[in-house]
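For reference, the chains in residue letters:
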2 protein chains.
Amino acid sequence: MPKIVDHDQRRLELVDATWRIIARRGMEGATMRDIAVEAGFSNGALKPYFPTKDDLLTFAFRHVFNRTNQRIALSTFNQTGTTAIRALGLEVLPVDEEKVSEARIVIPFWQKAITDSHKMAIHRESMAQWRLALMRHLGEARQAGAITTGVPDDVVREQLMNLFLGAQITAALTGPEESLPSYAHQLDGFLANL
Amino acid sequence: MPKIVDHDQRRLELVDATWRIIARRGMEGATMRDIAVEAGFSNGALKPYFPTKDDLLTFAFRHVFNRTNQRIALSTFNQTGTTAIRALGLEVLPVDEEKVSEARIVIPFWQKAITDSHKMAIHRESMAQWRLALMRHLGEARQAGAITTGVPDDVVREQLMNLFLGAQITAALTGPEESLPSYAHQLDGFLANL
């Protein structure tokens, strides 16, 4: 009887192993062999699916964006205005250990995207989605009177986008000994000033 | 008569060549040979000063931070409050082509800093400097009545820091066809809401 293999489950394990190895050795230090061993595959077993390390990384990066976007979809479901913006922000901002790990992953991804149009497109796709959602929710917040600032919505949207993106850098490159105001406070303070 | 060599000038040319090659080929694609040729050195001439590519990159990265901090020192000289914050922000934000290039350079640097404590320290040193300056200027702005928000200064400082850092990602990974509100508008709008 053939062994039953849950392919989706195996893919997830592979993605997680990829991040663990990258977190430990850095993007350049991580080898396909390390990743295969960490995920419990034999060295050659990955090749048919991911001929190069870059293919595996692209798959794994896409997975992080998908996971974030699924979390956003769930937590903003039926929400509008500043409540929805807050919910979206708290899925993107590095407010817990899982999301700090994602920050450590997305920076190597951005570095590659600068000179790789395929990765650049993966990044831009999610950014376009977030921008659309933020604009819609800013409009709702305006209509509800929760936002009265004279600063136009597209400028506020970009401030939020850059706050979200910059927080990834801060989270990945700040030591545990530096005590900074929480990202939730930063977001709440930002929304309170609008 | 020995050829007179301006060593500082040669170092600057080398740093610039390093960035041009990285901008063109990416961090991993850039070789010591490419960089030497671009700067007009023979291949072996760099070795005595920079035994490895990593040594050269660390030197070049430090130079970008120094250059930014010198610009900040000049443009905030004798300035206080929101005027000083605006001046600092406009030196860090990618408001012109030179600073967009710096954004493309700092992302590979951050990626390396995640797993390299020496590079991490270079980054943190500048961040600590910016945080101190922002706190001082926020205090001045408060005293002058230019800022009246109920959001505490350390939270506002972090919002500014993340706005500055996130803008580097946006500038490096946004296409010329995407028209976004300018970083100066974002900063002015942010300060106006405080």
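As annotated in an unreviewed UniProt entry, chain A is TetR/AcrR family transcriptional regulator from Arthrobacter crusticola.

Asks: Help me understand the packing of aromatic side chains in this model?
Replies: The geometry of an aromatic ring pair is captured by two quantities: the separation of the ring centres and the angle between the planes. Taken as a whole and assessed by the stated rule, the structure comprises 9 aromatic pairs over all chains. Plain terms: the ring middles of Trp19(B) and Phe61(B) are 5.3 Å apart, the flat faces sit at 40 degrees to each other, and that makes the pair tilted. In this pair, Trp19(B) is assigned in helix α1 (residues 7-29) and Phe61(B) in helix α3 (residues 53-76), connecting sequence segments 42 residues apart. The two residues Trp19(B) and Phe61(B) agree in class, both being buried. Measuring from centroid to centroid gives 5.5 Å for Phe65(B) and Phe109(B), while their planes differ by 70 degrees, and the two rings are edge-to-face. With a gap of 44 residues between them, Phe65(B) in helix α3 and Phe109(B) in helix α5 (residues 97-113) connect regions that are remote in the sequence. Note on accessibility: Phe65(B) and Phe109(B) belong to one class, buried. One aromatic cluster in this structure is built from Trp19(A), Phe61(A), Phe65(A) and Phe109(A).

Asks: So what exactly am I meant to see when it comes to the domain arrangement of chain A here?
Replies: When the parts of a complex come together, some accessible area is lost, and that lost area is often used as the size of the interface. Residue and element names in this part refer to chain A. Partitioning chain A into structural domains gives domain 1 (1-51) and domain 2 (53-192). Measuring from the centre of the C-alpha atoms in domain 1 to the corresponding centre in domain 2 gives 27 Å. Three residues stand out in domain 1 for area buried against domain 2, namely Trp19, Met27 and Phe50, and they jointly supply 46% of the buried area on that side. Between domain 1 and domain 2 we count 0 salt bridges in total. For the pair domain 1 and domain 2, the interface holds 1 residue pair in polar contact (both at pLDDT 80 or more). Elements represented by at least two residues in the side of domain 1 that touches domain 2 include exactly α1 (7-29) and α2 (32-39).

Asks: Where do I start with unusual backbone geometry in this structure?
Replies: Glycine aside, residues mostly have negative phi, and peptide bonds are mostly found in the trans state. One non-glycine residue, Asn78(A), lies in positive phi territory at about 65 degrees. Mapped onto the elements of the fold, Asn78(A) is located in the loop between α3 (53-76) and α4 (81-92).

Asks: Would you explain the UniProt feature "DNA-binding region" (unreviewed entry) in chain A in this entry?
Replies: When the UniProt feature table is mapped onto this chain, "DNA-binding region" (unreviewed entry) is found at residues 31-50 of chain A. With 40% helix and 0% strand, the stretch residues 31-50 of chain A has end C-alpha atoms that lie 13 Å from each other.

Asks: Sorry, what's going on with the confidence of the model for chain A here?
Replies: Should pLDDT be low for a region, the predicted coordinates there are not to be read in detail. With 97% of its residues at a pLDDT of 70 or more, chain A has an overall mean of 90. What the predictor reports for the complex is a pTM of 0.91 with an ipTM of 0.90.

Asks: How should I be thinking about the relation of the copies chain B and chain A in this particular structure?
Replies: The relation between the two copies of this chain is a rotation about an axis and a shift parallel to it. By a simple turn and slide, chain B fits onto chain A: the slide is 0.0 Å along the axis, the RMSD is 0.0 Å, and the turn is 180 degrees. Put plainly, the chains are arranged around a two-fold axis. In terms of C-alpha distance to the rotation axis, chain B has Gly166(B) as its closest residue, with the C-alpha 1.7 Å off the axis. A shared interface surface links the copies, since 98% of the contact residues of chain B are contact residues in chain A too.

Asks: Explain the environment of Arg131(B) here, please?
Replies: With respect to the element layout, Arg131(B) can be found in helix α6 (residues 117-143). Residue classification places Arg131(B) among the buried residues on the basis of a relative accessible area of 10%. A C-alpha to C-alpha distance of 20 Å links Arg131(B) and Ser117(B), two positions 14 residues apart in sequence. Setting aside residues no more than four positions away along its own chain, Arg131(B) makes contact with Thr170(A), Glu178(A), Leu180(A), Arg157(B), Glu158(B) and Met161(B).

Asks: Could you clarify how one ought to interpret α6(B) in this entry?
Replies: Residue and element names in this part refer to chain B. A rise of 1.5 Å per residue sets the reference length of α6, with its 27 residues, at 39 Å; its end C-alpha atoms lie 38 Å apart and thus fit the reference within 8%. Structurally, the start of α6 carries an N-cap: the backbone nitrogen of His118 is 3.0 Å from a side-chain oxygen of Asp116. Taken from the residues just after α6, Gly145 is the one with a positive phi, measuring 80 degrees.

Asks: How do you make sense of helix α8 (residues 183-192) of chain A when you look at a structure like this?
Replies: A turn of α-helix holds 3.6 residues, and therefore any two residues three or four places apart point the same way. Within α8(A) the residues assigned to the buried category are Tyr183(A), Gln186(A), Leu187(A), Gly189(A), Phe190(A) and Leu191(A). Where the residues of α8(A) are buried, they touch α4 and α7 (153-173) of chain A together with α7 (153-173) and α8 (183-192) of chain B.

Conventions adopted
- Residues numbered from 1 in each chain as written.
- Chains lettered and ligands numbered in written order.
- Predicted model: local features only at pLDDT ≥ 70, side-chain atom pairs only at ≥ 80, totals over all residues.
- Heavy atoms only, no water.
- Phe/Tyr/Trp six-rings, centres within 6.5 Å; stacked < 30°, edge-to-face > 60°.
- Helix = DSSP H or I, 4+ residues; strand = E, 2+ residues; numbered from the N terminus.
- Buried < 20%, exposed > 50% of the residue type's maximum accessible area, 1.4 Å probe, protein only.
- Domains from an automatic or database assignment.
- Buried area = accessible area lost by both parts, 1.4 Å probe.
- Salt bridge = Lys/Arg side-chain N within 4 Å of Asp/Glu carboxyl O.
- Polar contact = N/O pair within 3.5 Å; in protein donor to acceptor, adjacent residues only side chain to side chain.
- UniProt positions renumbered as here; feature names shortened; annotations may be inferred.
- pLDDT = per-residue confidence, 0-100.
- Least-squares fit on C-alpha atoms with pLDDT ≥ 70 in both.
- Contact = heavy atoms within 4.5 Å.
- Expected span 1.5 Å × (residues − 1).

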